[in-house]
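Geometric and topological summary
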Amino acid sequence: MGARFYDGRSARAYDAETAMDGDVLRILAEGHERVWPLRDLTVEIEADQARVSSRKDRDARLVLPVGDWNPMIGDRLAALTRKRRRREWWLIGGLTAAAAGVVLFVTVGVPALSGPVARATPVSMEQRMGDNFNGQISAFFPTCDDQAAQQTIAALGDRIAARADTPFDIRVRAVDAPMVNAFALPGGYILITDDLIREAKTPDELAAVIAHEVAHVEKRHVMQSVWRNFGVGMLLDLVVGGGTGAGQQAVILAGQASELSYSRSAELEADTRGQALLHADGMSSLGMAPFFERMAAGEKHNSVTDAAEFMNTHPDSRRRAGAARAAQRPGRAALNAEEWAEVKGLCAVEESENPVERLRRRFGIGDDKTGADQRLEVRPHGQ
Ligand SMILES: [Zn+2]
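Reference entry: report on the structure contained in this document.

So, about unusual backbone geometry. In the Ramachandran plot, R220 falls in the positive-phi region, its phi being about 60° despite a non-glycine side chain. Mapped onto the elements, R220 comes out in the loop between α6 (203-218) and α7 (221-240). R220 gets classed as buried once you look at its relative accessible area, which sits at 10%.

This is the structure we're talking about:
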């Protein structure tokens, strides 16, 4: 069988005669004549058939045996293929550059932008956001209901916060949570877990942690973290298309990559500022370094996962302990012996109970996986 031409309008195949004429392919079929420049051709080889079409004449097709096509096209085919390959390389190069651009934007651009955006966020907006967060988080981390101890902790928080330059009303409270951690929500809410309080060996250690969190609020790191996490999510959803979840997936991955480098500088800044806040009130800052050192060493009597949790959200503890030790100053004790005993007795949970059991009991859940998921939901605000 010879060459057949399809005009693209009907299914009919026309017998065709073909010839190369310089840089063009001439096709002559019953009532049809085509002159296709070589540079416009697309050739697909399928089994022993060559399917030839022209970029400028999209619907039409010429189909002929490879045995007829190859001798006719000769060397010109090689030149044609090379040209197309070059185009493909340009395309691959372009796509790679675009992908690298997106990664760079997410890992460098967004963290860089989140600072100015956070500082430009109206106080009333952060406050509203914080009130919402705070309401939601109470379901996961109930406030310990020991009024006297809570008042002592809140008063310590007030004393440290009084030296901070922030429009937010900083409120520190202890919550019942199976992890050694402390974190600030938008709007000045600071939560200290009962496990952290149990882990602290002196009031100065507790004060150092609170001061660190107050500094996060003052420097608007919390808002920065919110913008970083939700801002990129919204951006990627716009790019990828909302509702697919692909955007959110990418954010989680990108977040893990960008979180560390960003968090390290914010954490160091919060340490330095936290110590300055303590010094401003004449309080000792000797508690910061030993606490970080113990965490870094994983010296934890409750469980290994608790220390891992703290290390996860407070990276670089060992290096930070060194920096804190270099800047530390003695001063007044944060709490007297009586107040400290009261605080240590807070959130009466049996120490022997393991964290997974506590999670199960609290949420009434049957397996570890659900517990982990639930914890994930309340973690985006960082420490
Ligand atoms: Zn921190």
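There's plenty left to go through after this.
The subject of this paragraph is the pairing of strand β5 (residues 41-46). Sheet topology note: the β5/strand β6 (residues 49-54) ladder contains six bridges and is antiparallel. Following the sheet pairing, V43 is matched in β6 by V52. Adjacent in sequence and paired antiparallel, β5 and β6 are bridged by two residues, among which A47 carries a positive phi angle near 50°.

Below, the discussion takes up helix α3 (residues 123-140). End to end, α3 covers 26 Å across 18 residues, agreeing with the expected 26 Å (1.5 Å per residue, within 8%). Buried within α3 we find E126, G130, F133, N134, I137 and F140. What you see down the axis of α3 is that its buried residues fit within an arc of 110°, all on one side. Pointing more than 90 degrees away from the buried face of α3 are the exposed residues R128, N132, Q136 and A139.

Another aspect to go through is the coordination of the zinc ion. In the first shell of the zinc ion, the protein supplies H212 (NE2), H216 (NE2), E267 (OE) and E267 (OE), at 2.1 to 2.6 Å from the metal. Coordination at the zinc ion is irregular: its four donor atoms span angles of 52 to 128° at the metal.

Let us now look at the packing of aromatic side chains. Going through the model one piece at a time under the given rule, you end up with two aromatic pairs. Ring centres 6.4 Å apart and planes at 50° place the aromatic pair F5 and W36 in the tilted group. Here W36 lies in strand β4 (residues 32-37) and F5 lies in strand β1 (residues 3-6), a separation of 31 residues in the sequence. Classification of W36 as buried rests on a relative accessible area of 2%. With 5.6 Å between their ring centres and 45° between their planes, F141 and F183 make a pair best called tilted. With a gap of 42 residues between them, F141 in the loop between α3 and α4 (147-161) and F183 in strand β9 (residues 182-184) connect regions that are remote in the sequence. In terms of burial, F141 and F183 fall into one category: buried.

Turning to the environment of Q49, a few remarks are in order. Looking at the secondary structure, you find Q49 in strand β6. On a C-alpha basis, the gap between Q49 and A3 in space is 9.7 Å, while along the polypeptide they are 46 residues apart. Excluding its chain neighbours within four sequence positions, the residues that come into contact with Q49 are R4, E44, V63, L64, P65 and V66. One polar contact links Q49 to R4, side chain to side chain, over a distance of 3.1 Å.

Attention now goes to the packing of helix α9 (residues 288-296) against helix α11 (residues 317-327). Interaxial distance between α9 and α11 falls to 8 Å at its minimum, and their mutual angle equals 165°. Classed by the angle they form, the pair α9 and α11 counts as roughly antiparallel. Handedness of the α9/α11 crossing: left-handed. Residues M288, A289, P290, F292, E293 and A296 of α9 lie in contact with α11, whose contacting residues are S317, R318, R320, A321, A324 and R325. Residue classes in the contact of α9 with α11 are distributed as seven nonpolar, one polar and four charged.

This part takes up the sheet that holds β1. Spatially, seven strands are ordered β4-β3-β2-β1-β7-β6-β5 in an open sheet, and the strand pairing comes out antiparallel. Two strands bound the open sheet, and with one partner strand each, they are β4 and β5. Here the strands of the sheet are splayed against their neighbours by 30° on average, with no regard to which way each runs. Here β6 runs beside strand β7 (residues 57-65); their pairing, made up of five bridges, is antiparallel. Looking across to β7, one finds that V52 is bridged to L62. Running over the sheet, helix α1 (residues 66-73) touches β2 (14-21), β3 (24-29), β5, β6 and β7 and is turned about 105° from β7.

Under the defined criterion, the tally for this structure stands at 18 salt bridges. Here D57 makes a salt bridge to R34, at a shortest N to O gap of 2.4 Å. Of this pair, D57 sits in strand β7 while R34 sits in strand β4, and the two are 23 residues apart along the sequence. Here R273 ties to E218 by a salt bridge, and the two come within 2.6 Å at their closest N and O atoms. Placement of R273 in helix α8 (residues 246-280) and of E218 in helix α6 is noted, with a sequence separation of 55 residues between them. What emerges from the salt-bridge pattern is a single network uniting R159, R163, D281 and R332.

The rules behind each value
Residues numbered from 1 in each chain as written. Predicted model: local features only at pLDDT ≥ 70, side-chain atom pairs only at ≥ 80, totals over all residues. Heavy atoms only, no water. Helix = DSSP H or I, 4+ residues; strand = E, 2+ residues; numbered from the N terminus. Buried < 20%, exposed > 50% of the residue type's maximum accessible area, 1.4 Å probe, protein only. Pairing = 2+ DSSP bridges. Expected span 1.5 Å × (residues − 1). Arc of directions from axis to C-beta. Donors = N, O, S within 2.8 Å, 3.2 Å for Na, K, Ca; no water. Tetrahedral: all angles 85-135°; square planar, octahedral: opposite > 155°, others 65-115°. Phe/Tyr/Trp six-rings, centres within 6.5 Å; stacked < 30°, edge-to-face > 60°. Contact = heavy atoms within 4.5 Å. Polar contact = N/O pair within 3.5 Å; in protein donor to acceptor, adjacent residues only side chain to side chain. Axes fitted to C-alpha atoms, helices over the stretch in contact; angles between N-to-C directions. Parallel < 35°, antiparallel > 145°, perpendicular 65-115°, else oblique. Left-handed = near helix turned anticlockwise from the far one by under 90°. Nonpolar A, V, L, I, M, F, W, Y, C, P; charged D, E, K, R; others polar. Salt bridge = Lys/Arg side-chain N within 4 Å of Asp/Glu carboxyl O.

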